[in-house]
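Here is how the chains run, residue by residue.
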Amino acid sequence: MARAAAGNANQNHGGRTAVRIVVAGDQGTGKSSLIVTAAAENYPANVPPLLPPTRLPEDFYPERVPITIIDTSSKPEDNGKVAEDLKAADAVVLTYACDQPHTLERLSTFWLPKLRQLEVKVPVIVVGCKLDLRDENQEVSLEQVMSPIMQQFREIETCIECSAFKHIQIPEVFYYAQKAVLHPTAPLFDQETQTLKDQCVRALKRIFILCDHDRDGALSDPELNDFQVKCFNAPLQPSEIVGVKRVVQEKLPEGVNDRGLTLTGFLFLHALFIEKGRLETTWTVLRKFGYNNDIRLSEELIPNIPKRTSDQSVELTNEAIDFLSATFNLYDDDHDGALRPRELEELFSTAPVSPFSEFPFKEAEEKNAFGGLSLDGFLSQWALMTLLNPASTMENLIYIGYAGDVSSAIRVTRKRRLDRKKQQSERNVFQCFVFGPKKAGKSALLDSFLGSGNWKCRPFSDNYHPTTKERYAVNHVDQPGGTKKFLVLREVPEDGVSKLLSSKDALAACDIAVFVHDSSDELSWKRATELLVEVACHGENTGFQVPCLIVAAKDDLDSFPLAIQHSTRVSQDMGTEAPIPISMKLGDFNSVFRKIVSAAEHPHLSIPETEAGRSRKQYHRLINRSLMFVSVGAAVAIVGLAAYRVYAARKNASS
């Protein structure tokens, strides 16, 4: 593996076509002499105080990527320009003079803190210039001097000493700087622990599994050779394969078994390459399998989402659901019908991170008392991710081994406006916006939804925790006739309603809206109806009208006086159904989630109508009726005129 990597000059460099290196340091440390000597390959007699940008041609180094070197001024009045140059760098070379110890101290007291202050997050190469002038009696090695500085500033990629006058290690300076850009250490290796970073391990594990064609947990000699040819365009000789396995087995016996190189051995080899400074080997492997410098799949490998309007959504296809169901069963090691945290982590161990570990997916699904995720809960999470971020769904499907064209895993739904015209929705995933005043019971509704299945793992709590940001809950809902739909509840905090409705397309992605109020509190009811009117007006003004249901929460408490009269009046005035009474405390949900899905399936019903909307509709009817009368009158006039002309023509003919 190492032999082939060394000669592979045309390997992919993560899309890099040029490298910009900025040289900075105290005055008199040899910055300009270093640059001129590297470019001209000889020591200059006279060096100007500041050089123009210097370009090293692409054939200067084996990587064949051109380098532009930027010299920096030491004048205080040029500090702003120096800061701009540093921010635009791909790598920074910091110089000190070997014969001036205070310039070395300035690296840790000024230059390196300055880079952090400017938020320059690129590799740093520390270069000791004027090596020929260093005191020969100095017994301290470069490693002893630099070790504490490198411990403090992890951004330092490497250190090197050179002499422009004697032409010692001048080409190496910019070679290391270029290499640090093209093959960076930071994403792969933790210098402090001397181990591969987690994201690198995950990527290499996926590559190992892809190359383990017979799925026996080891790379056989033919599989190892196929891997070598794919990555480095050169086969391994049988003796080389034996040599690779011998190196692994001597250092790590479990890295090789009777079937070949194990995953442990595969990871060990890459750690060994990196420790020996052969980062290009691991980067070549990663890039051959489509990874970028962030160790994520390149955007080119993830298909574009089909174009869609704001009132269309994206869902998983049956093919994707079948794959996910099979994957769930494969990782359910104890066959208990649930993926425990350890099993779920193993399932996503070939992805950069588990997509369900962060907002908005974390805590958005039903789990059992052991934190286990059922198949329906697993599919619910994928349904939510596909609804909110279909590109992430396709990316993660690739990570966990989806075979074939991943674009076949998703489909774009019909427009919601067309659903209303057809008076039926064929969606499998419905999004419900949950509105309501504070302390109405919105969060309790979401919690109940996540405990409404067989496990009932989220008990009701009287403790009030105000919702400050939007929150999601997703679960499946069994409908009459055996059909199963996924329902996404999106809780909108009362303080966030105005911001949400400030967008014209705010309700475009909404299949149904629910308005929750505390049935024992008249003020809660009034605020819920105000929100209902706000949402209804927004829908009428934008054309994104949605079915709406009212939920009377806390039915275990006594209703406020005149509650029935108020709710009846609102239902009659706005054309909505009567409020649905529920008690999360008593576990009496009154089939509210089925009713939500049923209303979403029939999007032409349960649409509230405001007074302004009703007046607008009557006005349009009047205009249309007037136009119809005008059209009929015009038609009658035309017919009459035509008849008169026929009559006149006949009369003239007879005379």
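Scroll up to find the structure.
Attention here is on the structure that accompanies the text. (Residues numbered from 1 in each chain as written. Predicted model: local features only at pLDDT ≥ 70, side-chain atom pairs only at ≥ 80, totals over all residues. Heavy atoms only, no water.)

1. Thoughts on the overall build of the protein
As a reminder of what qualifies: Runs of E in the DSSP output that reach at least two residues are strands. Runs of H or I that reach at least four are helices, and both are numbered from the N terminus. The classification of residues rests on relative accessible area computed with a 1.4 Å probe and restricted to protein chains. Under 20% of the type maximum is buried, over 50% is exposed, and intermediate values are partly exposed. For this analysis, residues touch if any pair of their heavy atoms sits within 4.5 Å. Only the protein chains shown count as covering a residue, and every accessible area follows the Shrake-Rupley method with a 1.4 Å probe.
A count of helical and extended segments in the protein gives 22 helices and 21 strands. For the protein, buried positions account for 49% of its 655 residues. Within the protein, contacts between residues separated by at least 24 positions form 73% of all contacts whose residues are at least 6 apart in sequence. Carbon and sulfur atoms provide 52% of the accessible area of the protein, an area that totals close to 32300 Å².

2. With respect to the nonpolar core
This is how it is decided: We call a set of buried residues a nonpolar core when its members are Ala, Val, Leu, Ile, Met, Phe, Trp, Tyr or Cys and they connect through side-chain atoms within 4.5 Å of each other.
Leu-188, Leu-204, Ile-207, Tyr-291, Leu-324, Phe-378 and Trp-382 are the most contacted members of the largest nonpolar core, which has 74 residues in total. Per-element tally for this core: the top contributor is helix H10 (residues 263-275), with 8 residues. Not counting residues within four places of it along the chain, the set of residues in contact with Ile-207 comprises Phe-227, Phe-266, Val-285, Leu-286, Phe-289 and Tyr-291. Formed by 29 residues, the second largest nonpolar core is a distinct cluster that contains Ala-444, Leu-446, Leu-487 and Ile-580.

3. What about the environment of His-566?
Among the structural elements, His-566 can be located in helix H20 (residues 563-574). By relative accessible area, which is 19% here, His-566 ends up buried. Considering only alpha carbons, one finds His-566 and Lys-526, 40 residues apart in sequence, at a separation of 9.3 Å. Filtering out sequence-adjacent residues up to four positions away, His-566 remains in contact with Glu-522, Trp-525 and Phe-560.

4. A short note on the packing of helix H2 (residues 31-40) against helix H6 (residues 170-182)
The test is simple: Axes here mean lines fitted to C-alpha atoms, for a helix over just the part in contact, with angles spanning 0 to 180 degrees between N-to-C directions. By the definition adopted for this analysis, an angle is roughly parallel if under 35 degrees, roughly antiparallel if over 145, roughly perpendicular if from 65 to 115, and oblique otherwise. Charged means Asp, Glu, Lys or Arg here, nonpolar means Ala, Val, Leu, Ile, Met, Phe, Trp, Tyr, Cys or Pro, and polar covers whatever is left, Gly included.
Running from N to C, H2 and H6 point in directions that differ by 95 degrees, and their axes come no closer than 9 Å. As judged from the angle between their axes, H2 and H6 are roughly perpendicular. Contacts between H2 and H6 pair Leu-34, Ile-35, Thr-37 and Ala-38 from the former with Ile-170, Val-173 and Phe-174 from the latter. Grouping the amino acids of the contact of H2 with H6 by side-chain chemistry returns 6 nonpolar, 1 polar and no charged.

5. Examining the pattern of salt bridges
Our working rule: Whenever a carboxyl oxygen of Asp or Glu lies within 4 Å of a side-chain nitrogen of Lys or Arg, that contact is scored as a salt bridge.
Per the counting criterion, the structure on display carries 36 salt bridges. Measuring nitrogen to oxygen at the nearest pair gives 3.6 Å for the salt bridge that ties Arg-427 to Asp-511. On the criterion of sequence distance, the pair formed by Arg-427 in the loop between helix H16 (416-422) and strand S16 (429-435) and Asp-511 in the loop between helix H18 (497-501) and strand S19 (512-518) is long-range, its members being 84 residues apart. In this structure, the salt-bridge partner of Asp-495 is Lys-438, at a minimum N-O distance of 2.9 Å. Of this pair, Asp-495 sits in the loop between strand S18 (484-491) and H18 while Lys-438 sits in the loop between S16 and helix H17 (442-450), and the two are 57 residues apart along the sequence. A relative accessible area of 62% means that Asp-495 is categorised as exposed.

6. Description of the sheet that holds strand S10 (residues 256-257)
So the rule is basically this: By the convention used here, strands pair only if DSSP detects at least 2 bridges between them.
Overall, antiparallel pairing links the 3 strands, which are arranged S9-S11-S10 in an open sheet. Two strands lie at the open edges of the sheet, namely strand S9 (218-219) and S10, each paired on one side alone. Taken together, the 2 bridges between S9 and strand S11 (residues 260-262) define a ladder with antiparallel strand orientation. Paired with Leu-219 across the strands is Leu-261, a residue of S11.

7. What about the sheet that holds strand S5 (residues 124-129)?
One open sheet accounts for 6 strands, arranged S2-S3-S1-S4-S5-S6; its pairing is mixed. This sheet does not close on itself; its edge strands, each paired only once, are strand S2 (54-56) and strand S6 (156-161). Strand after strand, the sheet turns through a mean of 25 degrees between neighbouring axes, direction not considered. Here strand S1 (residues 19-25) runs beside strand S4 (residues 91-97); their pairing, made up of 5 bridges, is parallel. Across the sheet, the residue bridging to Val-22 is Val-92, located in S4. Across the face of the sheet, helix H5 (residues 142-152) comes into contact with S4, S5 and S6 while running at roughly 155 degrees to S6.

8. Notes on the packing of helix H4 (residues 101-117) against H5
Filter applied, for reference: By the definition used in this description, the sense in which the near helix is turned from the far one sets the handedness, with an anticlockwise turn below a right angle giving left-handed and a clockwise turn giving right-handed.
Contact geometry for H4 and H5: axes closest at 11 Å, N-to-C directions at 20 degrees. Our classification of the angle between H4 and H5 gives roughly parallel. You can see that H4 and H5 cross each other, and the crossing is right-handed. Contacts between H4 and H5 involve Leu-104, Leu-112 and Arg-116 from the first element and Val-145, Met-146, Ile-149 and Gln-152 from the second. Of the residues that constitute the contact of H4 with H5, the class distribution is 5 nonpolar, 1 polar and 1 charged.

9. A closer look at the pairing of strand S17 (residues 471-478)
A regular strand carries its side chains on alternate faces of the sheet. Of all 8 residues making up S17, 7 are buried, and the element is well covered by its neighbours. With 8 bridges joining them, S17 and S18 adopt antiparallel strand pairing. For Asp-478, the partnering residue across the bridge sits in S18 and is Lys-484. Where S17 folds back onto S18 in an antiparallel hairpin, the turn is made up of 5 residues, including Gly-481, whose phi is positive at roughly 95 degrees.

10. Notes on the packing of aromatic side chains
We count it as follows: Geometry of aromatic contacts follows a simple scheme: Phe, Tyr and Trp rings, the Trp one being its six-membered ring, pair when their centres are within 6.5 Å, and the pair is stacked under 30 degrees between planes, edge-to-face over 60, tilted otherwise.
Tallied over the full model, the rule gives 19 aromatic pairs. Summarising the aromatic geometry, the rings of Tyr-61 and Tyr-175 are spaced 5.7 Å apart at their centres and angled 50 degrees between planes, so their arrangement reads as tilted. Here Tyr-61, found in the loop between S2 and strand S3 (67-71), pairs with Tyr-175, found in helix H6; they are 114 residues apart in sequence, far enough to count as distant. Residues Phe-227 and Phe-266 carry aromatic rings whose centres are separated by 5.5 Å and whose planes lie at 75 degrees to one another, so their mutual orientation is edge-to-face. Of this pair, Phe-227 sits in helix H8 (residues 221-232) while Phe-266 sits in helix H10; the two residues are 39 residues apart in sequence, bridging distant segments of the chain.

11. Description of helix H3 (residues 79-87)
Selection criterion: Along the arc lie the directions from the helix axis toward the C-beta atoms.
Looking at H3, one finds that the buried residues are Val-82, Ala-83, Asp-85 and Leu-86. Down the axis of H3, the smallest arc covering the buried residues is 160 degrees, so these residues share one side. For H3, the exposed residues set more than 90 degrees away from the buried face come down to Glu-84 and Lys-87.

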